[in-house]
Amino acid sequence: MSKTSEPIDWDGQKKVSLALQGGGSHGAFTWGVLDYLLEDQRLDFEAITGTSAGAMNAVVLAMGYLEGGREGARRTLAKFWRSISHEGGFSPDGRRFLDIFFQGWAPQAAVAQWWTDFLTHYSSPYDFNPLNINPLRDQLEKIVDFSKLRALTELKLFIAATNVRTGKIKVFETSELTVDHVMASACLPYLFQAVEIDGASYWDGGYMGNPALFPLFYKTASPDIVIVQVNPIEREETPRSARDIQDRLNEITFNGALMSEMRAIDFVDRLVDSGKLSHSDYMRPLVHRIDGAGFLETFPASSKADASWPFISRLHDFGRKAAERWLDSHYDLIGKQGTLDLRIAFAEIDKVKR
């Protein structure tokens, strides 16, 4: 977490970087958060790091901003989410393959509605989708002009994918982005063929970074990172049914990389605070989080397969309310201190250490 540069004057707005998780249709909660922050205008965005649905939100926002500023970003996000909902007007076959993206976040739902246990356990997308059909790719290409997006300088984008061969995370930046990079970030391997980019194969970035925070440590000036989290870290009850167990395993898997990075931030913060690392050499990230606490955990992980417009609209509305509550409560602290207490978040680890 080396320090990149001195703070700069943001013309009265507070500058932050955004970190957007993936999570199927729950990405509509993130849309609501972004919609409110864009409308409110108290925050400006230096960079966005995103994975899967978070990557889509990132590039769609950036495209809209490029063409029409904040209001353009709001309109383009709304257009995108409407287009991939059940009201998008696809043919039955196109709708089926688009739904696979959402249902991939709840494998047991995908099995029940589209495929048999044999298909998902003993077959592969190279068998049951040999033409690699994915209307989501077409929708992105209709909305995002990637040639224009690559020239964007006002906003830095970082899109994460997982290298199939090495198992390592790969982060793609604004100047190299194509629709392939975004589809790689959202490529669930049991439903879609690996995305080939420059001779390498990629799967969903959520396995190694959901989202990846480290690019923000090295390539941004603002220390403030706002994580928009759609996968609950904690649930009160132990799952007992096969479906609930799969749901919870899915959430834990796609939170794992984020948890590791947050522990690393806490570790470096402690070294800086104790004087073992120099404040002048290391950035102390100020971490914030907007999540769906009190709302998203009331839905099973399988609800990420729900692409109905009423459900997506409901998530959007709650995202707006969550962003409003968080910003009103914490705005004065932005730029001064993080509002997510990592030491409380990892209290059980502290007890083990002591």
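Everything that follows concerns the structure shown earlier in this document.
Anyway, here's the lowdown on the structure attached to this text. (Residues numbered from 1 in each chain as written. Predicted model: local features only at pLDDT ≥ 70, side-chain atom pairs only at ≥ 80, totals over all residues. Heavy atoms only, no water.)

## Description of helix α1 (residues 27–40)
Look at α1: 20 Å from first C-alpha to last across 14 residues, which is about the 20 Å you get at 1.5 Å a residue. For α1, the buried fraction is high: 12 of the 14 residues fall into the buried class. Gly27, Ala28, Phe29, Thr30, Trp31, Gly32, Val33, Leu34, Asp35, Tyr36, Leu37 and Leu38 are the residues of α1 that are buried. Contact partners of the buried residues in α1: β1 (14–20), β2 (43–50), α2 (53–84), β7 (224–229), β8 (286–291) and α12 (309–330). (Helix = DSSP H or I, 4+ residues; strand = E, 2+ residues; numbered from the N terminus. Expected span 1.5 Å × (residues − 1). Buried < 20%, exposed > 50% of the residue type's maximum accessible area, 1.4 Å probe, protein only. Contact = heavy atoms within 4.5 Å.)

## Description of the side chain of asparagine 163
Turning to its location among the elements, asparagine 163 is positioned in strand β3 (residues 156–163). Using a relative accessible area of 13% as the deciding quantity, one classes asparagine 163 as buried. In terms of polar contacts, asparagine 163 uses its side chain to reach the backbone amide nitrogen of arginine 165, at 2.9 Å. In this view, asparagine 163 contacts Lys168, Ala200, Ser201 and Tyr202; residues no more than four positions away in its chain are not counted. (Polar contact = N/O pair within 3.5 Å; in protein donor to acceptor, adjacent residues only side chain to side chain.)

## Topic: the pattern of salt bridges
In the structure shown here, the tally under the stated rule is 14 salt bridges. Where aspartate 35 meets arginine 74, a salt bridge forms, and the shortest distance between an N and an O atom there is 2.7 Å. On the criterion of sequence distance, the pair formed by aspartate 35 in helix α1 and arginine 74 in helix α2 is long-range, its members being 39 residues apart. Here the two residues aspartate 35 and arginine 74 agree in accessibility, since each one is buried. A salt bridge links aspartate 291 to arginine 289; the nearest nitrogen and oxygen atoms lie 3.4 Å apart. Aspartate 291 gets classed as partly exposed once you look at its relative accessible area, which sits at 25%. Overlapping salt bridges bring together Asp35, Glu39, Glu71, Arg74 and Arg320 as one network. (Salt bridge = Lys/Arg side-chain N within 4 Å of Asp/Glu carboxyl O.)

## A look at the nonpolar core
In terms of nonpolar packing, the biggest core is built from 70 residues, with Val59 and Leu140 touching the most fellow members. Broken down by element, the residue count for this core peaks at 13 residues, all from α2. Residues Ala19, Met262, Ile265 and Leu340 belong to the second largest nonpolar core, which totals 17 residues. (Core = buried A, V, L, I, M, F, W, Y, C linked by side-chain atoms within 4.5 Å.)

## Observations regarding the packing of aromatic side chains
A full pass over the atoms with the stated rule returns seven aromatic pairs. Here tryptophan 31 and tryptophan 81 contribute two aromatic rings whose centre-to-centre distance is 6.4 Å and whose plane-to-plane angle is 5°, an arrangement assigned as stacked. In this pair, tryptophan 31 sits in helix α1 while tryptophan 81 sits in helix α2, placing the two residues 50 residues apart along the sequence. As far as burial versus exposure is concerned, tryptophan 31 and tryptophan 81 are alike and both buried. Ring-pair connections join several aromatic residues into one group, and the members of that group are Trp31, Phe80, Trp81 and Trp309. (Phe/Tyr/Trp six-rings, centres within 6.5 Å; stacked < 30°, edge-to-face > 60°.)

## As for the pairing of strand β6 (residues 200–204)
Here three bridges tie β3 to β6, and the two strands are oriented antiparallel to one another. The residue bridging alanine 161 from the neighbouring strand is aspartate 204, located in β6. Direction of pairing for strand β5 (residues 195–197) relative to β6: antiparallel, over a ladder of three bridges. Paired with valine 195 across the strands is tyrosine 202, a residue of β6. With antiparallel pairing between neighbouring strands as the criterion, β5 and β6 make up a hairpin whose turn holds two residues, including aspartate 198 at a positive phi of roughly 50°. (Pairing = 2+ DSSP bridges.)

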